[in-house]
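Listed below are the residues making up each chain.
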Amino acid sequence: MGPGPAGYGWARVRPARSGLAGPPLTPSHSRAKKPRRPALKKPSNPSLKDPVGVYCRVRPLGRPDQECCIEVIDETTVQIHPPDGYRIFRNGEYRETQYSFKEVFGTLVAQKKLFDVVAKPLVEDLIRGKNGLLFTYGVTGSGKTHTMTGSPGDGGLLPRCLDMIFNSIGPFQAKRFVFKLDDKNGVDVQCEVDALLERQKRDAMPVPKTPSGKRQIDPEIADMINVQDHCKVEEVDEDNVYSVFVSYIEIYNNYIYDLLEEAPFEPIKPKWNNCNTPLRNGDFIPPQSKILREDQNHNMYVMGCTEVEVKSTEEAFEVFWRGQKKRHIANTQLNRESSRSHSVFIIKLAQAPLDADGDNVLQEKEQIVLSQLSLVDLAGSERTNRTKAEGNRLREAGNINQSLMTLRTCIEVLRENQMYGINKMVPYRDSKLTHLFKNYFDGEGKVRMIVCVNPKAEDYEESLQVMRFAEMTQEVEVTRPVDRPLCGLTPGRRFRNQAFQEELSRKLELRGGPIDGEPEEQSVLETFLQNFPPLPACELLDINDDQTLPKLIEVLEKRHKLRQMLSKEFSKAVLDLKAMLQEFDCSVASKENQIKVTLSDKEKTIVRQKTEIERLEKKIKTLEYKIEILEKTATIYEEDKRNLQQELESKSQKLQRQASDKRRLEARFQGMVAETTMKWERECERRVAAKQLEMQNKLWVKDEKLKQLKAIVTEPKKEKPERPSRERDREKPVQRSVSPSPVPNAPPVRLRHRRSRSAGERWVDHKPPSNLPTETVMQPHVPHAITVAAASEKALAKCDKYMLTHQELASDGEIETKLIKGDVFKTRGGGQAVQFTDIETLKQESPTGRKRRSSPSNPDPPEDAADSEWTDVETRCSVAVEMRAGSALGPGYEHHAKPKRRKP
Ligand code: ADP
Ligand code: MG
């Protein structure tokens, strides 16, 4: 089965982060875009942060026929897929995953390219006084050591870093022992004389010497460091002096060992080797573990660790190689597995400015900058069972794993803290490895990691874990180191000093040749001595010898001449020297003058600049004061604004409350108005109806009167009805009628067909529906009456008495009920006629006042009114009829019931 359609098309599926050694990912074939990283929450700290730079290096397969499970997709992406066997094991599930890195280096990428991309910026930072950490991570055999150390003819990052450092600072290095590291992770500076004394002291010591650059170096080392890169940092501060110190430690089983420690053999206190026999000279001495300490700047360091000052790449690498050999011996002797230890090579660079002359290093401790670059080759990241370790080894391996596990946990916690802005404690202290590098993650510096992978199928599971760790690490951010401040002395001091020295020696040379050029001096002397004639033998053995003396005389004369010549030369030379000295004095004086002038100029400039600085400082102060005032004002305004806003809010709330109150009140009032209006409308209607009825009645009465008058006028001779006697009228005045004044005439119609009264009168009780219930206890009651709401001819035909109950409003506001009574007659035309005979007025009164009773119009009711016969309506009506027929009403009046026309 082949991979997906194209490398880019297959997604990296993000597993849920449940742990570092989580179960294999569930296969998925979802097509996806490039993996998306969760946006990191920006820290509140304004200092700039950079993510940990994570790179990936894929080593070539050991054999070309090996199965490969990792492909480089592009410069930043690798794709990993399960090998065939794995697929079979997983029931044919197949999935490819892509992982992104800052940069991916394929199998063909050279060490130099890797160095240029990954390590060069760290070296540049080191020289600019900033710290850096570079580590390689991966399973055993993935190429970590190859990447970090390299192999002969193919040096790794470490020798290349050293080479670049010395290429850059070579001409500006301090003399040995000018910088002295103390045992508290600090650095001191001493003057050149002290440094010289210390050098002499060390040279006097027989053992052991740090390898010096002049010695013949090991060809193996030469092969490793022969990087021929000539790479150097541009813009090195040339007014500084530099010194490099290296240390090399190993962390094994969570113990720290100093690989550069020279363990002196002590015969008195013999140590024991691992075979439990006392150590003899030349025996292997097991290393002692070291402890970690924190310095005053909260940086971690290995206490008492050997730090060797080195002056060249060769020297530095020789030191490293020595440590490496020691490590190898220790591993062999102690039966340890080297892949289970972490090796840490620390390069420290001390730098301090030259003094104002540019001659010597400035003797100020505060001006020294100490930066460090740690190169870490981590132990193999694989799980223990892979190496089939047993017993002690297994336990130790567990510890190694433990420290890598702690590293992973720390990275995870850091990532979570940064992503979610939380402050969970990072467990740096859980292992020596993480504790040592705590400051890189908590403080500032540049951290880079190279993930090494072997693409072979057997490493698939482990490689997957490595990728996951790398992915997580990229999400951690580290504070970017800040640039260190400049020392404040004028730049270019070193070169001015050098130029001056050169000029001086050139001038001296011009005058009289080199002063201290010993070889030349020697040759002049030699020439002179060669030309100097030797003395011949001057022993006279024979009296006749006449040659010796003349020869001697000749030679002596020659010598005398030469001597004279020499003394002349000498005096000439003396004169020349004098002249030269005078000239030199003059030139020095003129130089001095020049310098004085320049100095005074400079002093003036300094004074000017000082005044300017003072002015600016004053300005700064005023501005600061202004800023302070403005800030205060702003605070006050803000406070005001807040208060006003609060007030506004409370006011608007109050207004809203009031508005809602108003609306509620309006609604209530509207309700009340509507209710009152309705009540009053009803009341008015009722009053109008009462008034109408009253007026109607009056009209009827008047009508009747008119009719009666007409009858009297038209029928004067007809028989008059019997008049009731005045006595009877006077006897029963209790039920006083308020009806119109009695008419003395006879009724207008004859009383025909009048039903017999003794046979039991039947009443039509006409109660119009408009009447209101008075709710009084004493109600008029007529037995056997036909009660009607409107006058009906049918009812009238059955009865012989008619009573209309009529209500109206009295002047005192009380309801007045009138009972209008009459007799029913049959008319000639076959209809019914009513002759009104009586009007009885019933009125309500307050219970506290007079008793409610009929005929309140009577001002003086008789004492026995309650049990008088007038209480009976029937009796009263009959009496009333009599009375009306007689005197009170005069002739009765007739009402023709016409139900269809009239409605009371
Ligand atoms: P590790 O340190 O991760 O255990 P090594 O660096 O010792 O692995 O590598 C194991 C072997 O693989 C060594 O022989 C080394 O030369 C070889 N090797 C590793 N990486 C590469 C590479 N990029 N190119 C060529 N050979 C390599
Ligand atoms: Mg290794």
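Structure: see above.
Residues numbered from 1 in each chain as written. Chains lettered and ligands numbered in written order. Predicted model: local features only at pLDDT ≥ 70, side-chain atom pairs only at ≥ 80, totals over all residues. Heavy atoms only, no water.

When you look at the overall build of the chain in this model, what are you seeing that I'm missing?
If you tally the helices and strands in the chain, you get 17 helices and 28 strands. Across the 904 residues in the chain, those meeting the buried criterion constitute 40%. Surface summary for the chain: the accessible area is close to 53,800 Å², and the carbon and sulfur share equals 55%. (Helix = DSSP H or I, 4+ residues; strand = E, 2+ residues; numbered from the N terminus. Buried < 20%, exposed > 50% of the residue type's maximum accessible area, 1.4 Å probe, protein only. Areas by Shrake-Rupley, 256 points an atom, 1.4 Å probe, with all protein chains shown as cover.)

Help me understand the packing of aromatic side chains, please; the structure alone is not making it clear to me.
The relative placement of two aromatic rings is captured by the distance of their centres and the angle of their planes. By the definition in use, this model includes 12 aromatic pairs. Centre to centre, the rings of Tyr 55 and Phe 105 are 6.1 Å apart; their planes meet at 25 degrees, and the pair counts as stacked. Of the two residues, Tyr 55 sits in strand E2 (residues 53–58) while Phe 105 sits in strand E6 (residues 103–105), which places them 50 residues apart along the sequence. The two residues Tyr 55 and Phe 105 agree in class, both being buried. A centroid spacing of 6.5 Å and a plane angle of 45 degrees characterise the contact between Tyr 255 and Tyr 257, whose relative ring orientation is tilted. Linked through ring pairs, Tyr 248, Phe 317, Phe 320, Trp 321 and Phe 345 together constitute an aromatic cluster. (Phe/Tyr/Trp six-rings, centres within 6.5 Å; stacked < 30°, edge-to-face > 60°.)

Would you mind showing me how to read the packing of helix H2 (residues 111–127) against helix H4 (residues 157–169) here?
In a pair of packed helices, the angle between the axes and the distance between the axes together describe the arrangement. Orientation of H2 relative to H4, taken along the N-to-C sense of each, is 50 degrees, at an axis distance of 9 Å. On the basis of their axis angle, the class for H2 and H4 is oblique. For H2 against H4, the interelement crossing comes out right-handed. Contact with H2, carried on its side by Gln 111, Lys 112, Leu 114, Phe 115, Ala 119, Lys 120, Val 123, Glu 124, Leu 126 and Ile 127, involves Leu 157, Arg 160, Cys 161, Met 164, Ile 165, Ser 168 and Ile 169 of H4 and no other residues of that element. Per-class residue counts for the contact of H2 with H4 are 11 nonpolar, two polar and four charged. (Axes fitted to C-alpha atoms, helices over the stretch in contact; angles between N-to-C directions. Parallel < 35°, antiparallel > 145°, perpendicular 65-115°, else oblique. Left-handed = near helix turned anticlockwise from the far one by under 90°. Contact = heavy atoms within 4.5 Å. Nonpolar A, V, L, I, M, F, W, Y, C, P; charged D, E, K, R; others polar.)

Can you walk me through the site of ligand 1 in this structure?
Taken together, the residues surrounding ligand 1 are Arg 57, Arg 59, Pro 60, Val 139, Thr 140, Gly 141, Ser 142, Gly 143, Lys 144, Thr 145 and His 146. Within the backbone of Gly 143, an N or O atom sits 3.0 Å from an oxygen atom of ligand 1. Here an oxygen atom of ligand 1 sits 2.7 Å away from a polar atom, N or O, in the main chain of His 146. With three residues, helix H3 (residues 144–148) is the single largest residue contributor to the shell around ligand 1. In terms of residue class, the shell around ligand 1 is made up of two nonpolar, six polar and three charged. (Near = heavy atom within 4 Å. Polar contact = N/O pair within 3.5 Å; in protein donor to acceptor, adjacent residues only side chain to side chain.)

Any chance you could explain unusual backbone geometry here in plain terms?
With glycine set apart, most residues show a phi of negative sign, and most peptide bonds adopt trans. Phi at Asn 253 takes a positive value of approximately 55 degrees, unusual for a residue other than glycine. By the element assignment, Asn 253 lies in the loop between strand E12 (240–252) and strand E13 (255–258). The backbone of His 298 sits at a positive phi, close to 65 degrees, despite the residue not being glycine. One can find His 298 in the loop between strand E15 (292–294) and strand E16 (300–302). Accessibility expressed as a relative area gives 48% for His 298, which makes it partly exposed.

Please clarify how the pattern of salt bridges should be interpreted in this entry.
Should the charged atoms of two oppositely charged side chains come close, the side chains can pair. Applying the stated rule across the entire model yields 32 salt bridges. Taking the shortest distance from any N to any O, the salt bridge between Glu 250 and Arg 327 comes out at 3.0 Å. Pair noted here: Glu 250 is in strand E12 and Arg 327 is in helix H7 (residues 313–333), with a separation of 77 residues, a long-range link. Of the residues examined, Arg 327 reaches a relative accessible area of 10% and is grouped as buried. Asp 823 is paired through a salt bridge with Lys 801; the nearest N and O atoms lie 2.7 Å apart. Pair noted here: Asp 823 is in strand E25 (residues 815–826) and Lys 801 is in strand E24 (residues 801–809), with a separation of 22 residues, a long-range link. In this pair, the class of Asp 823 matches that of Lys 801, namely buried. The network of salt bridges with common partners includes Glu 683, Arg 686 and Arg 687. (Salt bridge = Lys/Arg side-chain N within 4 Å of Asp/Glu carboxyl O.)

Just checking my understanding: could you explain the pairing of strand E4 (residues 77–80) for this structure?
The side chains of a regular strand alternate, first on one face of the sheet and then on the other. In E4, alternate side chains face the same way, and those of Thr 77 and Gln 79 on one face and Val 78 and Ile 80 on the other are all buried. Counted between consecutive antiparallel strands, the loop separating strand E3 (residues 70–74) from E4 contains two residues. Sheet analysis places E4 next to strand E5 (residues 97–100), joined by four bridges and oriented antiparallel. Note that in E5 the partner of Gln 79 across the bridge is Gln 98. (Pairing = 2+ DSSP bridges.)

Looking at this structure, I do not really get the nonpolar core. What am I missing?
Within soluble globular proteins, side chains that are nonpolar tend to cluster in buried spots. Core analysis: the largest hydrophobic core is formed by 52 residues, its most contacted members being Val 78, Phe 101 and Phe 441. With seven residues, the top contributor of residues to this core is helix H11 (residues 460–473). Setting aside chain neighbours within four positions, we find Phe 441 in contact with Val 52, Leu 133, Ile 411, Leu 414, Tyr 428, Val 447, Val 476 and Val 478. Counting residues in each nonpolar core, the second largest holds 48 residues, with Leu 114, Val 123, Ile 165 and Val 236 among its members. (Core = buried A, V, L, I, M, F, W, Y, C linked by side-chain atoms within 4.5 Å.)

How do you make sense of the sheet that holds E4 when you look at a structure like this?
Strand-to-strand pairing in sheets goes through backbone hydrogen bonds, with the strands running parallel or antiparallel. Within the open sheet, the three strands sit side by side as E3-E4-E5. Their pairing is antiparallel. Pairing within the sheet leaves two strands with one partner each, and these edge strands are E3 and E5. The sheet shows a mean angle of 30 degrees between the axes of neighbouring strands, taken without regard to direction. Bridging between E3 and E4 involves four bridges; their strand directions are antiparallel. Note on E4: the bridge partner recorded for Asp 74 is Thr 77.

I would appreciate a short explanation of helix H5 (residues 192–204) in the present structure.
Think of an α-helix as turning once every 3.6 residues; residues three or four places apart then point the same way. Taking 1.5 Å of rise per residue, the 13 residues of H5 would be expected to cover 18 Å, and the 18 Å separating its terminal C-alpha atoms lies within 8% of that figure. Within H5, the full set of buried residues consists of Ala 195, Glu 198 and Arg 199. On an axial view of H5, the arc spanned by its buried residues comes to 105 degrees, and they lie on one face. Among the exposed residues of H5, those pointing more than 90 degrees away from its buried face are Val 193, Leu 197, Lys 201 and Ala 204. On its buried side, H5 packs onto strand E10 (179–181). (Expected span 1.5 Å × (residues − 1). Arc of directions from axis to C-beta.)

I would appreciate a short explanation of the environment of Arg 493 in the present structure.
The residue Arg 493 is located in helix H12 (residues 493–512) in this model. A relative accessible area of 2% means that Arg 493 is categorised as buried. Expressed as a C-alpha distance, the spacing of Arg 493 and Ala 356, which sit 137 residues apart in the sequence, is 6.6 Å. Those residues in contact with Arg 493 that lie beyond four places of it in its chain are Asp 239, Pro 353, Leu 354, Asp 355, Ala 356, Asp 357, Gly 358 and Cys 487. From its side chain, Arg 493 meets the backbone oxygen of Leu 354 in a polar contact 3.1 Å long.

Whenever I open this one, a nonpolar patch on the surface confuses me. Can you help?
Where nonpolar side chains cluster on the molecular surface, the patch consists of Leu 504, Phe 584 and Val 588 and spans about 200 Å² of accessible area. When you line up the elements, Val 588 lands in helix H14 (residues 548–714). (Patch = residues over 30% accessible without salt bridge, like charges linked within 9 Å, V, L, I, M, F, W, Y side chains within 5 Å.)

Which parts of the structure should I look at to understand H11?
Compared with an ideal rise of 1.5 Å per residue, which puts 14 residues at 20 Å, H11 spans 20 Å between its outermost C-alpha atoms and is within 8% of the ideal. Among the 14 residues of H11, 13 are classified as buried, and the element is accordingly described as predominantly covered.

Please explain the pairing of strand E22 (residues 763–766) as it appears in this structure.
Side chains of E22 alternate between two faces, with Trp 763 and Asp 765 and Val 764 and His 766 buried alike. The sheet contact formed by E22 and E24 spans four bridges and is parallel. Each bridged residue has a counterpart across the sheet, and for His 766 the counterpart in E24 is Leu 804. Summarising the sheet, E22 and strand E23 (residues 786–788) pair through three bridges and their orientation is parallel. Within E23, the residue paired with His 766 across the bridge is Val 788.

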